[in-house]
Amino acid sequence: MTVPVGLLRHADSPRLDGENHDHVRALAETTGALPPILVHRATMRVIDGMHRLRAAILTGRQHIPVRYVDGAEADIFLAAVRANVEHGLPLSLADREAAATRILTTHPQWSDRAIAETTGLASTTVGRIRQRTATTQPAARIGKDGRARPVNAAAARRHAGRLIEEQPHASLRDIAEQAGISPATAKDVRDRLQRGDSPVPAKLTLAETRAPGTHPQTPTVTRLLRRGRIPDPDQILRKLLRDPSLKLTDNGRLLLRWLSTHTVNTHEWERLEDELPTHCVPLVADLAVGLAYEWARLAETLKGRDQREMA
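Notes on the structure follow. On a predicted model such as this, the values are computed, not experimentally measured, just so you know. (Residues numbered from 1 in each chain as written. Predicted model: local features only at pLDDT ≥ 70, side-chain atom pairs only at ≥ 80, totals over all residues. Heavy atoms only, no water.)

Remarks on the overall build of the protein chain
Here is the rule: Secondary structure elements follow DSSP: runs of H or I of four or more residues count as helices, runs of E of two or more count as strands, with numbering from the N terminus. A 1.4 Å probe rolled over the protein chains alone gives each residue an accessible area, and that area as a share of the maximum for its type sets the label: buried under 20%, exposed over 50%, partly exposed in between. Only heavy atoms enter the contact rule, under which two residues are in contact if any of them lie within 4.5 Å.
Across its full length, the protein chain holds 16 helices and six strands. In the protein chain, which comprises 311 residues, the proportion classed as buried is 32%. In the protein chain, of all internal contacts separated by at least 6 residues, the share reaching a separation of at least 24 is 65%.

Right under this line is the structure:
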């Protein structure tokens, strides 16, 4: 259907710089029919299509095709972000980060992955924005599937473990409901307890010990941070590559090849982070945590050897 352009209200746009005038002129010169703009029925506010509306006005058109959307006014901005991420003139990285900051204010209960999917960011980027901006954290977050999950998964698992011990005949569904976890997680906790293991997997325990926004810290790393002496991996690798005792032996060359392929450069991973497909993010994050743990153990082992040899 079409409506008079004068009835439409300006969009609550996620674009920090407003409309792109060059894009408006390009649309005005388009000969083919453009898709209908998206309009919130209750307020007549444009959700998606301000460039098309400006182009229509520029060419003197009095009416424009629209497609109505119903829903709460508080969710209009979410719909606008989704629409602009999915098609049309792409949102800049600054636009998407600003949108994530706003969504964290209006929907703090949403998980990092849910906000990442809406804004086209990596969930780790949303997590950093949350740490910078959030003053209070909800006890649970709503994921992409609409289900609420506890923020502190390790604490919820421990609570489930205590409930299983106190209520050995309770069903897994009852335990899950009381602890705020899924029945599958409750079953995993029960299986772990039956094997004599901790109800919390090692990776969750490791993640729980990290300060927000930092990497896992061992005593060695903590000491280096306190002294402001984090080593430069690239500089150290270059020095090792020049060392004849490594270059001229088979095991030394093997070590150099191994170190060269396992060195992480901050500038490189920050550049790749937002381009990582959403479905790969949790896998790469878990891999990074596991590798960080192994590197930390290696560092402690080598530091211990160095101290023994110096004694």
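Now that the structure is up, let's keep going.
Some words on the side chain of Arg 52
Defined as follows: Think of a polar contact as two N or O atoms within 3.5 Å of one another; within protein, one of them needs to be a possible hydrogen donor and the other a possible acceptor, and neighboring residues in sequence only count if both atoms come from side chains.
Assignment of secondary structure puts Arg 52 in helix H2 (residues 50-58). Under the relative-accessibility criterion, Arg 52 is labelled buried at 12%. One polar contact links the side chain of Arg 52 to the main-chain carbonyl oxygen of Pro 36, over a distance of 2.9 Å.

Quick look at the pattern of salt bridges
The criterion, for reference: Take a side-chain nitrogen of Lys or Arg and a carboxyl oxygen of Asp or Glu: if they are within 4 Å of each other, that pair is a salt bridge.
In the structure shown here, the tally under the stated rule is nine salt bridges. Among the salt bridges present, the one from Asp 48 reaches Arg 52, with a minimum N-O distance of 3.0 Å. The residues Asp 48 and Arg 52 share a single accessibility class, namely buried. Between Arg 195 and Asp 197 there is a salt bridge, with the nearest N and O atoms lying 3.1 Å from each other. A residue is classified by how much of its surface remains accessible, and Arg 195, at 52% relative accessible area, is exposed.

Notes on helix H5 (residues 112-119)
Judged by how many residues are buried, H5 sits mostly within the fold: six of eight residues are covered. Looking only at H5, the buried set comprises Asp 112, Ala 114, Ile 115, Ala 116, Thr 118 and Thr 119. Of the residues one or two after H5, Gly 120 is the one with positive phi, at around 75°.

Digging into the packing of helix H8 (residues 172-179) against helix H9 (residues 183-195)
Put simply, the test is: The axes are straight lines fitted to the C-alpha atoms, using for helices just the contacting stretch, and the angles between their N-to-C directions are given from 0 to 180°. In this scheme, roughly parallel covers angles under 35 degrees and roughly antiparallel covers those over 145, while 65 to 115 is roughly perpendicular and the rest are oblique. Only Asp, Glu, Lys and Arg are considered charged, only Ala, Val, Leu, Ile, Met, Phe, Trp, Tyr, Cys and Pro nonpolar, and every remaining residue, Gly among them, polar.
Where H8 contacts H9, the axes come no closer than 8 Å and their chain directions differ by 105°. Considering their axes alone, H8 and H9 lie roughly perpendicular with respect to each other. In contact with Leu 172, Arg 173, Ile 175 and Ala 176 of H8, H9 contributes Pro 183, Ala 186, Lys 187 and Arg 190. Residue composition of the contact of H8 with H9, grouped by class: five nonpolar, no polar and three charged.

Let's talk about the pairing of strand S4 (residues 63-69)
To keep it simple, the criterion reads: At least two DSSP bridges between two strands are required for those strands to pair.
In this sheet, S4 lies alongside strand S1 (residues 2-4) in antiparallel orientation, the contact comprising three bridges. Along S4, the bridge assignment pairs Thr 2 with Pro 65.

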